[in-house]
Amino acid sequence: SRYPMAKYVVGVDGGTGGIRAGLFEIATGEPVGFADTPYETRYPQPGWAEQDPNDWWAGMGSSVRKVLADAGVAAADVAGICCDTTCCTVVALDDAGDPLMPCILWMDMRAAEQTEQVLATGDVALRVNSDGAGPVSAEWMVPKALWLKQNRPELFARAAKVCEYQDYVNLKLTGRYCASANNVAVRWHFVDGKPPTSLLAKLGMPDLAEKWPKDVVQMGHAVAPLSEAAAAHLGLDAGIPVAQGGADAFVAMVGLGTVRPGQLALITGSSHLHLGVAEGEFHGRGIWGTYSGALVGERSHVVEGGQTSTGSVVNWFKTMCGGGEGFYDEVNAAAALIPPGCEGLVMQEHLQGNRTPHVDPLSRGVVSGLTLRHGRAHVYRSILEGISFGTRLIFDAMRANGYLPESVVVAGGATRSDLWLQIHADVAGIPFKRTKCADAPALGSAVLAAVAAGAHGGDVFAAVDAMVHEEGVVMPRPDVHALYAKPYAAYKATYAATKQLIRRQGKVDLVDLDLDLGLGDASPGPRATVCPSLLSADQGNLAGDVSRMIAEGADWLHVDIMDGHFVPNLTIGPPVVAHLRSQAPEAFLDCHLSCTNPDALIDGLAVAKASSVTFHFEVMEDAAACAHLAGRIRSLGMRAAVALKPRTPIESVYPLVDASPPAVDMVLCLSVEPGFGGQKFNPEVCAKVRTLRRRCPDLDIQMDGGVNADTVGAAAKAGANVLVAGSAVFGSPDPSRVIADLRRAVVEAKAEKPWLEE
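Residues numbered from 1 in each chain as written. Predicted model: local features only at pLDDT ≥ 70, side-chain atom pairs only at ≥ 80, totals over all residues. Heavy atoms only, no water.

1. Digging into the nonpolar core
Argument step 1. Core analysis: the biggest nonpolar cluster contains 86 residues, and F250, V254, Y291, L295 and V447 have the highest contact counts within it.
Argument step 2. Considering each element in turn, this core owes the most residues, ten residues, to helix α15 (residues 440–452).
Argument step 3. In this structure, V254 is in contact with M219, V259, L295, V296, G444, V447, L448, V464 and V468, ignoring residues within four places of it in sequence.
Argument step 4. Core analysis: the second largest hydrophobic core is formed by 76 residues, A608, I650, V667 and V746 among them. (Core = buried A, V, L, I, M, F, W, Y, C linked by side-chain atoms within 4.5 Å. Buried < 20%, exposed > 50% of the residue type's maximum accessible area, 1.4 Å probe, protein only. Helix = DSSP H or I, 4+ residues; strand = E, 2+ residues; numbered from the N terminus. Contact = heavy atoms within 4.5 Å.)

2. Here's the deal with the sheet that holds strand β2 (residues 18–25)
Argument step 1. Strand order in the open sheet formed by six strands is β3-β2-β1-β5-β12-β11, and the pairing between neighbours is mixed. Where the open sheet ends on each side, the last strands, each with one partner, are β3 (31–38) and β11 (222–225). Strand-to-strand twist in this sheet, taken as the mean axis angle between neighbours without regard to direction, amounts to 20°.
Argument step 2. Taken together, the seven bridges between β2 and β3 define a ladder with antiparallel strand orientation. Bridge pairing in β3 links F24 to P31.
Argument step 3. Docked against the sheet, α15 engages β1 (8–14), β2, β3, β5 (78–85), β11 and β12 (241–243), running at close to 135° with respect to β1. (Pairing = 2+ DSSP bridges. Axes fitted to C-alpha atoms, helices over the stretch in contact; angles between N-to-C directions.)

3. Remarks on the state of the cysteines
Argument step 1. Summed over the entire model, instances satisfying the criterion amount to zero disulfides.
Argument step 2. Here C342 is not cross-linked by a disulfide; its sulfur's nearest cysteine counterpart is in C321, at 14 Å.
Argument step 3. Owing to a relative accessible area of 0%, C342 belongs among the buried residues under this scheme.
Argument step 4. Here C591 stays free of any disulfide, with the sulfur of C595 as its closest cysteine sulfur at 10 Å. (Disulfide = S-S within 2.5 Å.)

4. A short note on the side chain of K688
Argument step 1. Here K688 shows up in helix α25 (residues 685–695).
Argument step 2. Notably, K688 is buried but unbridged: the nearest opposite-charge side chain belongs to E618, and the N-O separation is 6.8 Å.
Argument step 3. Within polar-contact distance, the side chain of K688 engages the backbone oxygen of T648 at 2.8 Å.
Argument step 4. Excluding anything up to four places from it in sequence, K688 contacts L644, K645, P646, T648 and I650. (Lys, Arg positive; Asp, Glu negative; His and termini not counted. Salt bridge = Lys/Arg side-chain N within 4 Å of Asp/Glu carboxyl O. Polar contact = N/O pair within 3.5 Å; in protein donor to acceptor, adjacent residues only side chain to side chain.)

5. With respect to unusual backbone geometry
Most peptide bonds take the trans configuration, and most residues that are not glycine carry a negative phi.
Argument step 1. Residue C88 is bonded to the preceding C87 through a cis peptide linkage, with omega at 10°.
Argument step 2. P661 follows S660 through a cis peptide bond whose omega is -5°.
Argument step 3. If you trace the backbone, P661 turns up in the loop between α24 (654–657) and β27 (666–670).
Argument step 4. In this model, H189 sits at a positive phi of 65°, which is unusual for a non-glycine residue.
Argument step 5. Within the secondary structure layout, H189 lies in the loop between α6 (181–187) and α7 (197–202).
Argument step 6. Although it is not a glycine, H456 adopts a positive phi angle of roughly 55°.
Argument step 7. Mapped onto the fold, H456 is located in the loop between α15 and α16 (460–467).
Argument step 8. Assessed through its relative accessible area of 18%, H456 is described here as buried.

6. Quick look at the layout of surface pockets
Argument step 1. Considering only enclosed or pocket space, the second largest pocket measures out at about 560 Å³ in volume.
Argument step 2. Lining of the second largest pocket is provided by 26 residues; of these, G412, G413, A414, T415 and R416 occupy positions nearest its centre.
Argument step 3. Listing elements by their share of the lining of the second largest pocket, those giving two or more residues are α11 (311–320), α12 (327–335), β19 (407–412) and β20 (432–435).
Argument step 4. In terms of residue class, the lining of the second largest pocket is built from eleven nonpolar, eleven polar and four charged. (1 Å grid on protein atoms, 1.4 Å probe; cavity = no way out; pocket = protein on both sides within 12 Å on 5 of 7 lines; lining within 4 Å. Points joined across faces, edges and corners; volume = space filled by probe spheres on them. Nonpolar A, V, L, I, M, F, W, Y, C, P; charged D, E, K, R; others polar.)

7. Some remarks on empty space enclosed by the protein
Argument step 1. All told, the structure shown has one cavity of 30 Å³ or more when counted by the stated rule.
Argument step 2. Volume-wise, the largest cavity comes out at about 30 Å³.
Argument step 3. Lining the largest cavity we find Q307, T308, S309, E349, H350, G353, N354 and R355.
Argument step 4. Partitioned by chemical class, the residues of the lining of the largest cavity number no nonpolar, six polar and two charged.

Here you go:
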């Protein structure tokens, strides 16, 4: 190594529009200069995007030579070099390492059909895709390679190497064909550093593993010395170490100093990317990752979230207003005078869909609460707040899966607005930090180059501490954070309230829309209500699934609490209900107690803020005891209901429902034995429901057990208006559609009242 004699390192950032070389001081990370070379992107078909890999190599030579010349630094003073690149930009090479075709750029969507094939395998490698729920992005390596095999089979067969921009550049720099541990972890579906062989086999593409690099090198480790030919091309000396880089956003994490557990990098631009460092592995709905071994250190785990349209929405608003050079200064100053919450104005920022946590490309932007009092500054601030709410929602999804960032380091366009950063910090309740060097990817590459050159003891954490410098911290204000509670709740409710409307807008008549949304149920009698059963939810992520079902349009959430005595199963108790309430304050938690002594749980459920409590008639002495317990439940602010097993006569509850007023708010008629989900619907119970509905036209009657698309007609026509469904909802790729169809069946039955027929 030339260190400590050589004073500089080169960090190269291979971006979408061009390649940038940065020259940095190896000891302090101070930037000396930058040089850029653009290259062309071609769009041969809609949704396709290609570049010529030869342009990358030519541009890299030009940029490195220029930055050295501009700074007056000799090649002998450079200790090492590292490059980051776009991810996942796929190239097919021949035996000599020359491109067989233009690259398939990261943003290219031609592999959309192949993503469905990948997701359909159900392979364990898909856990990084929202715990296997998907979707799988067309940007990723496996779908793109599958597209090549299926659409260009001759070229795929000829390709000796299928890899990324990152691997191509390192091959040109050193002659060594290897992959970055970062890229394979975050976009190749590698599991614990190993290729996803079972996934490839299920896709009929086991030969892809033979075309991938066999060697995988960690970020910051030396790939190999710079070759003579590459040195001549770049204007550097041969033999200096070439450090392994990775995907630009993840190398930017290094350049922002976010390499330790609890730290999160927020990379802002036209979109937001949230990359957090976690202590260990976890997977869950509404997040990507964790990616094992994706960063630096022995065992690194990275969790990912993303907002599709953020800065692009701000820019859209500027364009809509005809804003000029001083627009942002003017509108930021005016928006700063408006109180948090924009006086009732709420913006959902999904102008190009939602990446996480809803994973809904069909979602769209919504402005709600608009009045004649609101002006341009209100709308602008509502955009900043809406984006910040979206970021907090991602943090909440991460929290539901066991991760909460302790601090956030921000890079990109949002750092230019003090107001926006303060709103971000206030909404999230977390400090937001800025770093001195705005070019985080290039600095991250420089840090990795310094480590490979032996500087800072060859330790990446020491190098980060020495070379990345914090410029300021925006602290959250607790009083303002509290003020955002109601606007944030309104923001979260917006998605669930508008999802079906947006999806079906312009395609059906208004009556159809009303049924899908649970609106238009103005007929006399109890309201159509659908409550997904959490017995079918991910038991390791109940809070996340509660939030997901609310977003999918669920009216209530059915929470089964079993003591192991009344039924041979033991489930959750009041503490878990309290946690669900803390994570989903707006949820209606319908708690069903399959317990021998329900009275012992009532106080705890009241403290946990349960919405409704159902106990079993079979564990009570008589109807009078049921009425007494129901009265106690109501006195604590909760709805009271009584449940009947399939064989318990309906006449048992007559003293309760005939009282004036009725002693209970709802009767649950189980169509299966209590204790376990997944049982078949018992149609004989419909006779009990029909009898009760005739007797009590305004009572809530709930059916639970085996309710699905095939059985809902019988349940609704018998008179049930509250439907509990578990696997039918949670097992569907489109839960909102299932919920809407169940609700529709009740609404249609209410209009016809078939239970009145003999």
